[in-house]
Amino acid sequence: SPSDPDLVERARAAKEKLGDKVFVLGHHYQRDEVIQFADVTGDSFKLARDAAARPEAEYIVFCGVHFMAESADILTGDDQKVVLPDLAAGCSMADMATAEQVAECWDVLTEAGVAEQVVPVSYMNSSADIKAFTGKHGGTICTSSNAKRALDWAFEQGEKVLFLPDQHLGRNTAVRDMGMSLDDCVLYNPHKPNGGLTAEELRGAKMILWRGHCSVHGRFSLESVNDVRERVPGVNVLVHPECRHEVVAAADFVGSTEYIIKTLEAAPAGSKWAIGTELNLVRRLANRFAGEGKEIVFLDRTVCFCSTMNRIDLPHLVWTLESLAEGNLVNRIQVDQETESFAKLALERMLALP
Ligand code: 13P
Ligand code: SF4
């Protein structure tokens, strides 16, 4: 949808007034009206790295969701302020693992006598508390672009991995990229006593998967894949690893948002693609590549936006930039010192992965 020209002009003016004091990061799932003001766009790994590489910016405006802004705060200097244009932009997957539940899980693993062998690997899509837990217990963070490397590293440190909070990224990486079997994985349900698992099941497992998922990517099904192959003969199916295992197993290519973009950039003219990820990104790519003769369709017939990513819209961005330009610090995301120090350990282990 075309952006309101008045708001576009106000955002431009406020950003110009702020100059080098502000750096705007935009995740690929953001709306076009917001993305046009991003100094850099990326997947969650690239954005974490780029936030850390801007020590001269006083304000980092993060157009993405809460856990991304927290990670940026952890990785930037104390005098840099990270701002999230709408504080209600959370992530339902990150909310599926709370600090209390994870502490309880660790007690269950200890009771079963396996905690000593377990290395936690937490997906970037988690709160700073979960990242701190991960750092404290010798684990690392991963994103969808380095999950295999993170798991390789973790299995050098211990015999088992507790992977949280996305069961699908954990399972897909273990089975598709590392040759494990589905039987090597067990599912820990934080809403059941002992996670719904016996001590024996925990002892037999290599991957202990937290029962979390992304509701946006959960909408894609095996039927969506079969359906699009029938509708569009010769189509390549390209999906994000947050999709369910049967979807990933039936796809031709699997990877992060940045990987999806790179793959389409390298695709030959005349090729056809069905993409299984959030709709703002898929629409942007369909428009961008239409002129090059690459046909890009959405994997499902239903509409699939990430409602929390979409909370960041042009009015919120204008309000944020104008407030900052007037010297009014709004919506700062600040992780407390103790949480930050342990969470940083885990994030730095990720940044140091080979
Ligand atoms: P990427 O790291 O692939 O951008 O994924 C982030 C995310 O939230 C996907 O739902
Ligand atoms: Fe979270 Fe899913 Fe939205 Fe990504 S797409 S931010 S995992 S709810």
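Within an unreviewed UniProt entry, the label attached to the protein reads Quinolinate synthase, and the organism entered is Streptomyces zhihengii. Under the UniProt heading Catalytic activity (unreviewed entry), the note attached to the protein is "iminosuccinate + dihydroxyacetone phosphate = quinolinate + phosphate + 2 H2O + H(+)".

Q: I'd love a proper account of the pairing of strand E13 (residues 295-298), names of residues and values included.
A: Here E13 shows one buried face, formed by Ile296 and Phe298, and one open face, formed by Glu295 and Val297. In terms of strand pairing, strand E12 (residues 272-276) meets E13 through four bridges, oriented parallel. The partner of Ile275 across the bridge, within E13, is Phe298. In this fold, the crossover linking E12 to E13 by way of helix H13 (residues 279-290) has right-handed handedness.

Q: Tell me about the site of ligand 1, residues and numbers included.
A: If you check the shell around ligand 1, you find His28, Asp43, Ser44, Phe45, Asn125, Thr143, Ser144, Cys214, Glu242, Ser256 and Thr257 and nothing else. Within the shell around ligand 1, the residues separate by chemical class into two nonpolar, seven polar and two charged.

Q: Outline helix H7 (residues 147-157), supporting the account with residue identities and numerical values.
A: Buried residues of H7: Ala147, Ala150, Leu151, Trp153 and Ala154, and no others. For H7, the angular spread of the buried residues around the axis is 160 degrees, confining them to a single face. In this structure, the buried residues of H7 make contact with strand E5 (118-123), strand E6 (140-142), strand E7 (160-164), helix H8 (167-178) and helix H15 (337-351).

Q: Can you tell me about the packing of helix H4 (residues 66-75) against H15, naming the residues and giving the values?
A: Their axes nearest at 9 Å, the elements H4 and H15 cross at an angle of 95 degrees. As the angle between them shows, H4 and H15 are arranged roughly perpendicular. Where H4 abuts H15, its residues Ser71, Ile74 and Leu75 lie against Glu340, Ala343, Lys344 and Leu347.

Q: With reference to specific residues and values, describe the sheet that holds E5.
A: In space, the five strands of this open sheet follow the order E6-E5-E7-E9-E8, with parallel pairing throughout. Where the open sheet ends on each side, the last strands, each with one partner, are E6 and strand E8 (185-188). For this sheet, the mean angle separating the axes of adjacent strands, direction not counted, is 25 degrees. Pairing geometry for E8 and strand E9 (residues 207-210), over four bridges, is parallel. Bridging across to E9, Leu187 finds its partner in Leu209. Here helix H6 (residues 128-136) sits on the sheet in contact with E5, E6 and E7, set at roughly 150 degrees to E5. Contacts from H15 reach E5 and E6, with the element oriented near 60 degrees to E6.

Q: Can you break down the UniProt feature "binding site: [4Fe-4S] cluster" (unreviewed entry) in the protein residue by residue, with the values?
A: Summarizing the sequence annotation, UniProt attributes the feature "binding site: [4Fe-4S] cluster" (unreviewed entry) to Cys91, Cys214 and Cys306 in the numbering used throughout. Across 216 residues, the annotated set stays spatially compact, with a maximum C-alpha separation of 9.4 Å. By the element assignment, Cys306 lies in the loop between E13 and helix H14 (314-325). Residue classification places Cys306 among the buried residues on the basis of 23 C-beta atoms within 10 Å.

Q: Could you give me a rundown of unusual backbone geometry, with the residues and numbers involved?
A: Excluding glycine, a negative phi dihedral is what most residues carry, and trans is how most peptide bonds are arranged. Here Leu164 and Pro165 are connected by a cis peptide whose omega angle stands at -5 degrees. Note on placement: Pro165 falls in the loop between E7 and H8. Here Asn331, not a glycine, exhibits a phi torsion of approximately 50 degrees, which is positive. Note on placement: Asn331 falls in the loop between H14 and H15.

Q: How would you explain the domain arrangement of the protein if you had to name every residue and give the values?
A: Domain boundaries in the protein define domain 1 (5-91 + 309-335), domain 2 (94-213) and domain 3 (217-298). Taking only C-alpha atoms, the centre of domain 1 and the centre of domain 3 are 28 Å apart. Across the contact, nine residues belong to domain 1 and seven residues belong to domain 3.

Conventions used here
Along each chain, residue indices are assigned from 1 in the same order as the chain's sequence is written. A letter from A marks each chain and a number from 1 marks each ligand, given out in the order of writing. With the structure being a predicted model, the display of local features is reserved for residues of pLDDT at least 70 and the display and counting of side-chain atom pairs for 80 or more, all residues being used for whole-chain, interface and lining totals. UniProt positions are given in the numbering used here, feature names are shortened, and annotations may be inferred rather than shown by experiment. To sort residues by exposure, count the other C-beta atoms lying within 10 Å of each residue's C-beta; 20 or more gives buried, 12 or fewer gives exposed, and values between give partly exposed, all with C-beta atoms placed from the backbone. The helix count covers DSSP runs of H or I at least four residues long, the strand count covers runs of E at least two residues long, and both are numbered beginning at the N terminus. Two strands qualify as a pair provided DSSP detects at least 2 bridges between them. The handedness of a crossover follows from its direction of travel: if, with the strands pointing away from the viewer, the path from the first strand over the helix to the second runs clockwise, the crossover is right-handed. Residue proximity rests on one test: whether the C-beta atom, placed from the backbone, lies within 6 Å of the molecule or strand. Under the grouping applied here, Gly and all other residues not named as nonpolar or charged are polar, the nonpolar ones being Ala, Val, Leu, Ile, Met, Phe, Trp, Tyr, Cys and Pro and the charged ones Asp, Glu, Lys and Arg. Note: the arc covers the axis-to-C-beta directions of the helix. Throughout, a pair of residues is in contact if the C-beta atoms placed from their backbones lie within 7 Å. In this analysis, axes come from line fits to C-alpha atoms, helices being fitted only over the stretch in contact, and the angle between any two N-to-C directions falls in the range 0 to 180 degrees. Oblique is the label for every angle not falling under 35 degrees (roughly parallel), over 145 degrees (roughly antiparallel), or within 65 to 115 degrees (roughly perpendicular). For each domain, the first and last residues come from an automatic or database assignment.

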